[in-house]
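Chain and residue survey
Here is how the chains run, residue by residue.
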Amino acid sequence: MKTMDAPRLVKTRPLLTAQGLSLNYGSVQAMRNVSATVFPGEVLGIVGESGSGKSTFLRCLNLEETPDTGSYTLDLPDVQGNLFDLDRYARRMLCATRIGIVYQNPHLGLLMQHSSSGNVAERLLVAGERRFNVLRDKARGALDASEFPLERMDAPPIDLSGGMQQRVQLAKAIALEPALLLLDEPTTGLDVSVQALVLDTLKRLQQDRQITMVIVSHDLGVIRTLADRVMVMRRGEVVEAGLADQVFQDPQHAYTQQLVHAKL
Ligand SMILES: Nc1ncnc2c1ncn2[C@@H]1O[C@H](COP(=O)(O)OP(=O)(O)OP(=O)(O)O)[C@@H](O)[C@H]1O
């Protein structure tokens, strides 16, 4: 069983605060009044059935999407106010330098025909690094931390396995040591044994670097392995939220009970 690391859960100020996010796509209400707080070094897991609004919420946290209502702040020294008020350039810079994301579909996060090291270096270039040796060394370091086989670092993602592609995405996401790492179904679609290895890497990275993470998965096993806190979504709403161990051991909402028992 996962052991609870108490000090990580007793932090004074949240890093991430999202309040009252709602978003409609035409007549579809993708999110209704969704709020979340994540403290530094914590992992928030978001579970729920397909179409419950998990990815929409994550896209908002990555500033790819702007909700109709709601606010989002990150408690960082040079970042102020509601991030949804930032212009496109400021959003792009904030995402490039402070927020990393790994998508389920590597085509969304990577240039599939470019070298893997080039994909990671691109993130550093956006942040202003121009020295070739530094780019190469930092890309190598990030790939190594993601447990990517370095002898393949010049291969394009299109020639790599799904697990390796996810490691390249991860390396790109952590290359600038982001304050927040967002993971959208990072292991879905991989073979079970590869899933377990990628999960191990995520767990190790989180423990070594204390990265604050928000992970979306429909797989309770993934959430149980990584998350300190859990948020359960259904039809665009949060139906239950709490410490992971509590939610899994004593789910309060009928829908969460159904999810947990279906998994057992
Ligand atoms: N760009 C879009 N245009 C129109 N509707 C959308 C769009 N993105 C999401 N939706 C709708 O919003 C709702 C929430 O979708 P979302 O992808 O956030 O759910 P999810 O919980 O992440 O599901 P899944 O696990 O299948 O990815 C769904 O009804 C979906 O069809």
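Numbers given to residues run from 1 along each chain, matching the order in which its sequence is written. Per-residue local features of the predicted model are confined to residues with pLDDT of at least 70, and side-chain atom pairs are confined, for both listing and counting, to 80 or more; whole-chain, interface and lining totals are unaffected and use all residues.

Here the focus is the sheet that holds strand 4 (residues 69–74). The pairing criterion is simple: DSSP has to find at least two bridges between the two strands. Strands are runs of DSSP state E lasting at least two residues, helices are runs of H or I lasting at least four, and both sets are numbered from the N terminus onward. If you trace the three strands from one edge of the open sheet to the other, you get 2-1-4, paired in antiparallel fashion. Each end of this open sheet is capped by a strand with a single partner; those strands are strand 2 (28–38) and strand 4. Each adjacent strand pair in this sheet contributes to an overall mean axis angle of 20 degrees, direction not counted. Sheet topology note: the strand 1 (residues 16–25)/strand 4 ladder contains five bridges and is antiparallel. The residue bridging Gln19 from the neighbouring strand is Ser71, located in strand 4. As a rule, the C-alpha atoms of each element are fitted with a line to give its axis, helices using only the stretch in contact, and angles between N-to-C directions run from 0 to 180 degrees.

This part is about the site of the ligand. Here, nearness means that the C-beta atom of a residue, built from backbone geometry, sits within 6 Å of the molecule or strand in question. Around the ligand, the neighbouring residues are Tyr25, Val28, Ala30, Gly48, Ser50, Gly51, Ser52, Gly53, Lys54, Ser55, Thr56 and His218. Of all the secondary-structure elements, those providing two or more residues to the shell around the ligand are strand 2 and helix 1 (54–61). A total of three residues in the shell around the ligand trace back to one element, the largest contributor, which is helix 1. Three residue categories are used. Nonpolar comprises Ala, Val, Leu, Ile, Met, Phe, Trp, Tyr, Cys and Pro, charged comprises Asp, Glu, Lys and Arg, and polar comprises the others, including Gly. Per-class residue counts for the shell around the ligand are three nonpolar, eight polar and one charged.

Our next topic: the domain arrangement of the protein. Domain start and end points were adopted from an automatic or database domain assignment. Taken as a whole, the protein is organised into domain 1 (14–107 + 179–260) and domain 2 (110–177). Computed over C-alpha atoms, the centres of domain 1 and domain 2 are 23 Å apart. Contact between residues is assigned whenever the C-beta positions, reconstructed from backbone atoms, fall within 7 Å. Listed per partner, the contact involves 17 residues of domain 1 and 18 residues of domain 2. Secondary-structure elements contributing two or more residues to the side of domain 1 that touches domain 2 are helix 2 (88–98), strand 5 (99–102), helix 3 (106–109) and helix 7 (192–209). Top element by residues in the side of domain 1 that touches domain 2 is helix 7. It accounts for five residues. Per-class residue counts for the side of domain 1 that touches domain 2 are twelve nonpolar, five polar and no charged.

Once that is clear, we can look at unusual backbone geometry. Residues other than glycine seldom take positive phi values, yet Asn33 does so here, at roughly 55 degrees. Relative to the elements of secondary structure, Asn33 occurs in strand 2. Exposure in this text rests on C-beta crowding, where 20 or more other C-beta atoms within 10 Å of a residue's own make it buried, 12 or fewer make it exposed, and counts in between make it partly exposed. The C-beta atoms are placed from the backbone. Among the residues examined, Asn33 registers 13 C-beta atoms within 10 Å and is labelled partly exposed. A positive phi angle, close to 60 degrees, is found at Glu147, a residue other than glycine.

Let us look at the pairing of strand 8 (residues 229–234). A large share of strand 8 lies buried, amounting to five of its six residues. Hairpin connection from strand 8 to strand 9 (residues 237–243): two residues lie between these consecutive antiparallel strands, with Arg235 at a positive phi of about 50 degrees.

Turning to the environment of Arg140, a few remarks are in order. In this structure, Arg140 sits in helix 5 (residues 132–145). Sequence separation of Arg140 and Gln257 is 117 residues, and the distance between their C-alpha atoms is 44 Å.

Looking now at helix 4 (residues 116–126). All buried positions along helix 4 are accounted for by Ser116, Ser117, Asn119, Val120, Ala121, Arg123 and Leu124. Packing partners of the buried residues in helix 4 comprise helix 2, helix 5 and helix 6 (162–174). Of the residues trailing helix 4, Gly128 is marked for its positive phi of about 105 degrees.

This part takes up the pairing of strand 7 (residues 212–216). Within strand 7, five of the five residues are buried, leaving the element largely enclosed by the surrounding structure. Burial along strand 7 is two-sided: the residues Thr212, Val214 and Val216 and Met213 and Ile215 are all buried. Pairing of strand 3 (residues 43–47) with strand 7 involves four bridges; the strand directions are parallel. Within strand 7, the position partnered with Gly45 by the bridge is Ile215. By the bridge criterion, five bridges tie strand 6 (residues 180–184) to strand 7 in an arrangement that is parallel.

Glancing now at the sheet that holds strand 7. As summarised here, the arrangement of the six strands in space is 5-6-7-3-8-9, forming an open sheet in which the pairing is mixed. Bordering the open sheet on either side are strand 5 and strand 9, each of which pairs with just one other strand. Averaged over neighbouring strand pairs, the angle between their axes works out to 15 degrees when direction is ignored. Those strands touched by helix 6 are strand 5 and strand 6, and its axis lies near 175 degrees from that of strand 5.

Helix-helix packing: each pair is described by the crossing angle between the helix axes and the interaxial distance. Contact pair helix 4 / helix 5: the axes reach a minimum separation of 9 Å and the direction vectors enclose 110 degrees. The pairing of helix 4 with helix 5 is recorded here as roughly perpendicular in orientation. Seen from above, helix 4 lies across helix 5 with right-handed handedness. Of the residues in helix 5, those touching helix 4 at Ser116, Ser117, Val120, Ala121 and Leu124 are Leu135, Arg136, Lys138, Ala139, Arg140, Ala142 and Leu143. Geometric relationships in this document are graded by angle, where less than 35 degrees denotes roughly parallel, more than 145 denotes roughly antiparallel, 65 to 115 denotes roughly perpendicular, and other angles denote oblique. Each crossing gets its handedness from the near helix: less than a right angle anticlockwise from the far helix is left-handed, clockwise is right-handed.

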